[in-house]
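Results of the structural survey
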Amino acid sequence: MAAAPTAAPAPDADWRATVHYLTYRSLGAAMGHMPLPLAQGVARGVARFMALRGGPALAMNERHMRRVLASECVDGVEPDPALVRRWSRRTFDSYAQYWADGARLPYEAEAGVRARWRLEQGEEHLRAAFARGRGIVMALPHVGSWEWGGYWLALEGMPMTAVVERLEPPQLFEWFVAQRAAMGLTAVPLGEGSSGALLRALKEGEIVGLVSDRDLVGNGVEVEFFGERTTLPGGAATLALRTGAPLVPVVVYSGPGNWHTGVVHAPVDTARRGSLREDIARVTQALAQVFEEDIRRRPEQWHLYQPNWPSDPR
């Protein structure tokens, strides 16, 4: 019996996807070529409108911000709700700068990237880990603009392969990948096949970048994160433990001013102590503690607007 023919995509769906792709591409090009203060002003205006309007994204971010601020309080004192809201609204300003700078990055020359980048601390950890020749597993939180650091690494002869969420429509994702490739960044979509790409990069002695403070797939490792149990991705710990590549936590902050500031921490201890499952749990918990420190330093730059704990409403 012949298989039923596969239904072709509806013409209006194709049209909407094309408009979506062209809109984003045109906006990206416009942001990349207009003066920096204007680009940041436009993005900030849109973000402030969204923050004032409120909605699920702001409400979810306020939950996360409350956890961060509460972790600095003593004797179980809860942070003032007005303070939580003010800090949460600031994340929209920071997110606006992230998008403006990200749109401009593919159009920056080497001199422009170097002029707006500084590695505040940990260059010795980075150089020493890279010199081992086994690659580096970099674990990062959703803070600031890590792609500026990735561009700088490529300029320094340390190319990065990063796992990213797939964008829709497909032509938008292909354009995004091509732009990152032009900057020396290899972007691979999250899902089947991504592990192979990461292993190949490490085998070549390159850097693998994994944003590791949100469990997208839902099969992560249970940890305590800002005083509450949740799961975080175990991919960074698993890769480091299985390959012997050093596991280096990194954060890239936006600022001060128009700079982007990198902080490289000492490698996490990945010496084998028990079963693979136990070691993955231990190392992932160690990463969570480093992320807590990095996020507390600049909480308004933690761009997380989705559920991240079991108690968060879905």
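So, here is what we can say about the structure in this document. Since this is a predicted model, take the numbers as computed values, not measurements.

A word on empty space enclosed by the protein
For the coordinates displayed, the defined rule picks out 2 cavities of 30 Å³ or more. Empty space within the largest cavity amounts to approximately 90 Å³. Forming the boundary of the largest cavity are 15 residues, of which Trp-117, Met-138, Gly-149, Leu-153 and Val-250 lie nearest the centre. For the lining of the largest cavity, the secondary structure elements donating two or more residues are strand 1 (117-121), strand 2 (136-140), helix 7 (146-155), strand 8 (247-254) and strand 9 (260-264). A total of 5 residues in the lining of the largest cavity trace back to one element, the largest contributor, which is helix 7. For the lining of the largest cavity, the residue count by class is 12 nonpolar, 3 polar and no charged. If you add up the space inside the second largest cavity, you get close to 30 Å³. Together, Leu-140, Trp-146, Met-160, Ala-162, Val-163, Gly-209, Leu-210 and Val-211 line the second largest cavity. Listing elements by their share of the lining of the second largest cavity, those giving two or more residues are strand 3 (160-164) and strand 5 (207-211). Tallied by class, residues from the lining of the second largest cavity come to 7 nonpolar, 1 polar and no charged.

Re the pairing of strand 9
When you tally the buried positions in strand 9, you get 5 out of 5 residues, the bulk of the element. Residues His-260, Gly-262 and Val-264 line one face of strand 9 and the alternating positions Thr-261 and Val-263 line the opposite face, and both faces are buried. One ladder, built from 4 bridges, connects strand 1 with strand 9; its direction is parallel. When the sheet's bridge partners are listed, Trp-117 is paired in strand 9 with His-260. Relative to strand 9, strand 8 runs antiparallel, the two being bridged by 5 bridges. From the neighbouring strand, Ser-254 faces strand 9, where its bridge partner is His-260. Between strand 8 and strand 9, which pair antiparallel and follow one another directly, the connecting turn spans 5 residues, one of which, Gly-255, has a positive phi of 105°.

What counts and how
Residues numbered from 1 in each chain as written. Predicted model: local features only at pLDDT ≥ 70, side-chain atom pairs only at ≥ 80, totals over all residues. Heavy atoms only, no water. 1 Å grid on protein atoms, 1.4 Å probe; cavity = no way out; pocket = protein on both sides within 12 Å on 5 of 7 lines; lining within 4 Å. Points joined across faces, edges and corners; volume = space filled by probe spheres on them. Helix = DSSP H or I, 4+ residues; strand = E, 2+ residues; numbered from the N terminus. Nonpolar A, V, L, I, M, F, W, Y, C, P; charged D, E, K, R; others polar. Buried < 20%, exposed > 50% of the residue type's maximum accessible area, 1.4 Å probe, protein only. Pairing = 2+ DSSP bridges.

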